[in-house]
Amino acid sequence: MDQFYPPARIEWPGPNQYRSANGAPGPEYWQQRADYHITARLDTVLQSLQGTVQLQYTNNSPDTLRFVWLQLDQNLYRPGSAGSMLFPADSRWGVRGFSGGYDLSNIRVEGQAATPRVYDTMMQLMLPTPLKPRGGNTTITMDFRFRVPEHGSDRMGRDGPLYEIAQWYPRMAVYDDVRGWNTDLYLGQGEFYLEYGDIDFSVTVPAGYTVAASGMLQNPRDVLTDEQRERLVRAAKTREVIPIITVAESHARVTPGTKTWHFRAENVRDVAWAAAPDFRWDATSWNGILAQSYYEWPKAGKAWEAGAEQTQWTIRHYSETFFPFPYPQATSVAGPVGGMEYPMFVMVHAGEDSVSVFSTINHEHGHEWFPMIVGSNERRYPWMDEGFNTYINAFAKELRWRDTVIIESMVDNWRSAVDAEIDVPVMTAADNIPASALGAIAYRKPAVLLLTLRNEIVGPELFDAAFREYIRRWAFKHPTPGDFFRTIENSTGHDLSWYWRGFWYTTDLLDVGIDSVTQRQQVGQNLAVVSLHRATSIVFPVRLRLKYVNGTTSDFNLPANIWANGDRFDAVFAVPAQVVGARLWPDPSVPDWNHSNDSWGNAPQSDQPRPVTRR
Ligand SMILES: [Zn+2]
């Protein structure tokens, strides 16, 4: 098959009334809504959490629903769960001989007792009356209880008295126009896909504990001192970092009784929280958005004293560059989880290394844009989560550290997965990517491909506008890969089928080479014939630098269409003087896999690697 011919849009939904051909949500686009009221109590003696969830579910789809599916992510910690069989117990996602999972009771739909059908981490509930299309809604309530695992697949857990609580209440699965119910199990490596709604939640903890959470604290008078409340008001109006709980105040005290912390988060996919008796708490703000850090002291490490500022910087940078942060606060918590994101709330490893802590805070809060604002399916498409985030992180890192050059190190990481023969297509679902290739395939390869698309193929001006348009169109919605591909093509004006197919759906690598350069005189002109070939199925526009006998050079850009008729192309240029050398890719960041055929003769120099932000 002709490699350049626009391929069939594999797995691209639409165009239809729900998803338009131009990549935007269609005129009849719909999505479901899930609003929650949750109350929960943390028992630090039994190391368990119990609570009640009341869920209001709105069916905006054109379909009548006779049953619903909910996600029971804590069932990953049940003996024999699918995820515990899949990932080694001592691995990052592994279940470490812990016997957990949900005890559910008093499950009711519209007040009537319901019998669940539980399938590993999924639960089906039959509805007593069918749920009407286009606005029908129903109420589901249940009590839940689980033991908190010490190691919760690096997404939650505990360390001594510190609890990090996530994927903690039964959550509605997504029902969408592409797959209907999304019932992919929680296995550990794949993250989550959830509906938007408002979540009101209260957690009762020992009285000496401080709770950090998604959303805004609703009852500061009940849980904070007058002095702490006054400091918070000050922090909300300044870019300076204000200690809300100072070093001197952070030592754990045993206080009898309990306190209930009440939070509310609007237009979110999820909520998470952390609690400890010995947090330091810093806060600052930007543009009215509170940026906060919570960390045990001195256990969390010196780097955390910059946590609130790093959070503020991150929120500001991504707001100014990509899309305004839509929530009232952003929180970073130090603890046993290496790095994990939830709306307005991220968990980051403790540490002394401020570059590492900054990189992780910056990465995890980058997830507020992908996938907390742009709500893609992380379990299916990790590249729309980690890949997009790693792409935007490249700009942030260069801005924070002016001399950083990002692309080459990411190409090296991709190369390591290729060399280890664990490379899989970017379109692979999260749980099917070898764990040791996750960083390369879900994070760096898609980030390199997006940077390459931006810098080498469509240019920064068109790409940046198209990428922002994608965020604007799909904020608080559920885009698919096709919606992204279509938006980029429509917005940049480029047919990029060859790019998506080659790099997203296969593991082929770019390898273009120069076979020879010959020269001839014709009608008084010097002509140079540069014979090119490509060694793989990947087509790519060719950038070429020629060097002349007098030492000068000139650059030529050949479109991807040169490969329309096969894997060889003779480029014929009128040149001002005798050619003595040639080099592909004057910008050395192009991910051509084989450099041995990239130059000919007395080849000219490449440029220095260029930062992505300064093109
Ligand atoms: Zn991430």
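This structure is a prediction, so every number in the text was calculated from the model and none was measured.

### So, the coordination of the zinc ion
Each donor-metal-donor angle in an ideal tetrahedron of four donors is 109.5 degrees, and each such angle in an ideal octahedron of six donors is either 90 or 180 degrees. Ligation of the zinc ion by protein atoms is provided by His363 (NE2), His367 (NE2), Glu386 (OE) and Glu386 (OE), these donors lying 1.9 to 2.5 Å from the ion. Bound by four donor atoms, the zinc ion shows angles of 57 to 149° at the metal and therefore irregular coordination geometry. Counting residues between consecutive donors of the zinc ion along the chain gives the motif H-x3-H-x18-E. One end of the pair, His363, is in helix H5 (residues 354–366); the other, Glu386, is in helix H7 (residues 386–400), with 23 residues separating them in the sequence. The same class applies to His363 and to Glu386, which are both buried.

### Structural notes on the side chain of Arg534
In this structure, Arg534 sits in strand S27 (residues 525–534). On the accessibility criterion, Arg534 (8% relative accessible area) is buried. Among the polar contacts made by the side chain of Arg534, one reaches the main-chain carbonyl oxygen of Gly566 at a distance of 3.1 Å.

### Some thoughts on helix H12 (residues 497–504)
Given 3.6 residues per turn, any residue in an α-helix points the same way as the ones three and four places further on. Counting buried positions over the eight residues of H12 gives eight, a clear majority of the element. Within H12 the residues assigned to the buried category are Ser497, Trp498, Tyr499, Trp500, Arg501, Gly502, Phe503 and Trp504. At its buried positions, H12 is contacted by helix H8 (407–419), helix H9 (438–458) and helix H11 (481–492).

### Considering the packing of H7 against H9
Where H7 meets H9, the closest approach of the two axes is 7 Å, and the angle between their N-to-C directions is 60°. What the angle tells us is that H7 and H9 run oblique. H9 is crossed by H7, and the crossing has right-handed handedness. On H9, the residues touching Glu386, Gly387, Phe388, Thr390, Tyr391, Ala394 and Phe395 of H7 are Ala442, Tyr443, Pro446, Ala447, Leu450, Leu451 and Arg454. For the contact of H7 with H9, the per-class residue count stands at 10 nonpolar, two polar and two charged.

### So, the pairing of strand S21 (residues 279–286)
With eight of its eight residues buried, S21 lies for the most part within the structure. For strand S18 (residues 242–245) and S21, the ladder comprises three bridges, and the chain directions are antiparallel. Bridge pairing in S21 places Ile242 opposite Ala283. Linking two consecutive strands that pair antiparallel, namely S21 and strand S22 (residues 289–296), is a turn of two residues; a positive phi of about 55° is found at Asn287 within it.

### Regarding the environment of Gly152
Relative to the assigned elements, Gly152 resides in strand S9 (residues 151–152). With relative accessibility at 0%, the residue Gly152 sits in the buried group. With 54 residues separating them in the primary sequence, Gly152 and Phe98 have C-alpha atoms 9.6 Å apart. The residues contacting Gly152, other than those within four sequence positions of it, are Tyr77 and Gly157.

### As for the layout of surface pockets
Looking at the largest pocket, its volume works out to about 510 Å³. As for the largest pocket, its lining consists of 26 residues, of which His363, Thr390, Lys397, Tyr443 and Arg444 are closest to the centre. Only strand S24 (339–342), H5, H7, H8 and H9 provide two or more residues apiece to the lining of the largest pocket. The element contributing the most residues to the lining of the largest pocket is H7, with five residues. Tallied by class, residues from the lining of the largest pocket come to seven nonpolar, 11 polar and eight charged. Split by domain, the lining of the largest pocket shows at least three residues from each of two domains, domain 1 (1–27 + 374–507) and domain 2 (31–195). Estimated volume of the second largest pocket: approximately 360 Å³. Gly208, Thr210, Gln228, Ile245 and Arg253 are, among the 22 residues lining the second largest pocket, the residues nearest its centre.

### So, the sheet that holds strand S15 (residues 197–206)
Sheet strands pair via backbone hydrogen bonds, and the direction of the pair is either parallel or antiparallel. If you walk across this open sheet you meet the eight strands as S5-S4-S8-S2-S1-S15-S19-S17, and the pairing is mixed. Among the strands making up the open sheet, the edge pair consists of strand S5 (112–113) and strand S17 (216–217). Here strand S1 (residues 33–43) runs beside S15; their pairing, made up of six bridges, is parallel. Following the sheet pairing, Tyr36 is matched in S15 by Ile199.

### Some remarks on the domain arrangement of the protein chain
Domains assigned within the protein chain are domain 1 (1–27 + 374–507), domain 2 (31–195) and domain 3 (512–614). Between domain 2 and domain 3, the C-alpha centre-to-centre distance is 56 Å.

### A closer look at helix H3 (residues 226–235)
Among all positions of H3, only Gln228, Arg229, Arg231, Leu232 and Ala235 are buried. Each buried residue of H3 sits inside an arc of 160° when the element is viewed along its axis, so together they form one side. The elements touched by buried residues of H3 are helix H2 (220–223), S18, S21 and S22.

### Thoughts on the sheet that holds strand S20 (residues 273–276)
Strand order in the open sheet made by the five strands is S9-S10-S11-S20-S16, with antiparallel pairing throughout. The two strands at the open ends of the sheet, each matched to only one other strand, are S9 and strand S16 (210–213). Strand direction decides the pairing type here: strand S11 (residues 162–165) and S20, joined by three bridges, are antiparallel. Bridging across to S20, Tyr163 finds its partner in Ala275.

### Brief notes about the packing of aromatic side chains
This structure, assessed with the given rule, holds 57 aromatic pairs. Judged by centre distance (5.9 Å) and plane angle (25°), the ring pair of Phe463 and Phe467 falls under stacked. Here Phe463 pairs with Phe467, and both are found in helix H10 (residues 460–474), just four residues apart, close to one helical turn. Taken individually, Phe463 and Phe467 each receive the classification buried, so the pair is uniform in this respect. In this arrangement the basic side chain of Arg171 is found over the ring face of Phe192, its NZ or CZ atom lying 5.1 Å from the centre. The ring centre of Trp593 lies 4.6 Å from the NZ or CZ of Arg415, which sits over that ring.

Rules used in this analysis
Residues numbered from 1 in each chain as written. Predicted model: local features only at pLDDT ≥ 70, side-chain atom pairs only at ≥ 80, totals over all residues. Heavy atoms only, no water. Donors = N, O, S within 2.8 Å, 3.2 Å for Na, K, Ca; no water. Tetrahedral: all angles 85-135°; square planar, octahedral: opposite > 155°, others 65-115°. Helix = DSSP H or I, 4+ residues; strand = E, 2+ residues; numbered from the N terminus. Buried < 20%, exposed > 50% of the residue type's maximum accessible area, 1.4 Å probe, protein only. Polar contact = N/O pair within 3.5 Å; in protein donor to acceptor, adjacent residues only side chain to side chain. Contact = heavy atoms within 4.5 Å. Axes fitted to C-alpha atoms, helices over the stretch in contact; angles between N-to-C directions. Parallel < 35°, antiparallel > 145°, perpendicular 65-115°, else oblique. Left-handed = near helix turned anticlockwise from the far one by under 90°. Nonpolar A, V, L, I, M, F, W, Y, C, P; charged D, E, K, R; others polar. Pairing = 2+ DSSP bridges. 1 Å grid on protein atoms, 1.4 Å probe; cavity = no way out; pocket = protein on both sides within 12 Å on 5 of 7 lines; lining within 4 Å. Points joined across faces, edges and corners; volume = space filled by probe spheres on them. Domains from an automatic or database assignment. Arc of directions from axis to C-beta. Phe/Tyr/Trp six-rings, centres within 6.5 Å; stacked < 30°, edge-to-face > 60°. Lys NZ or Arg CZ within 6 Å of the ring centre and 35° of its normal.

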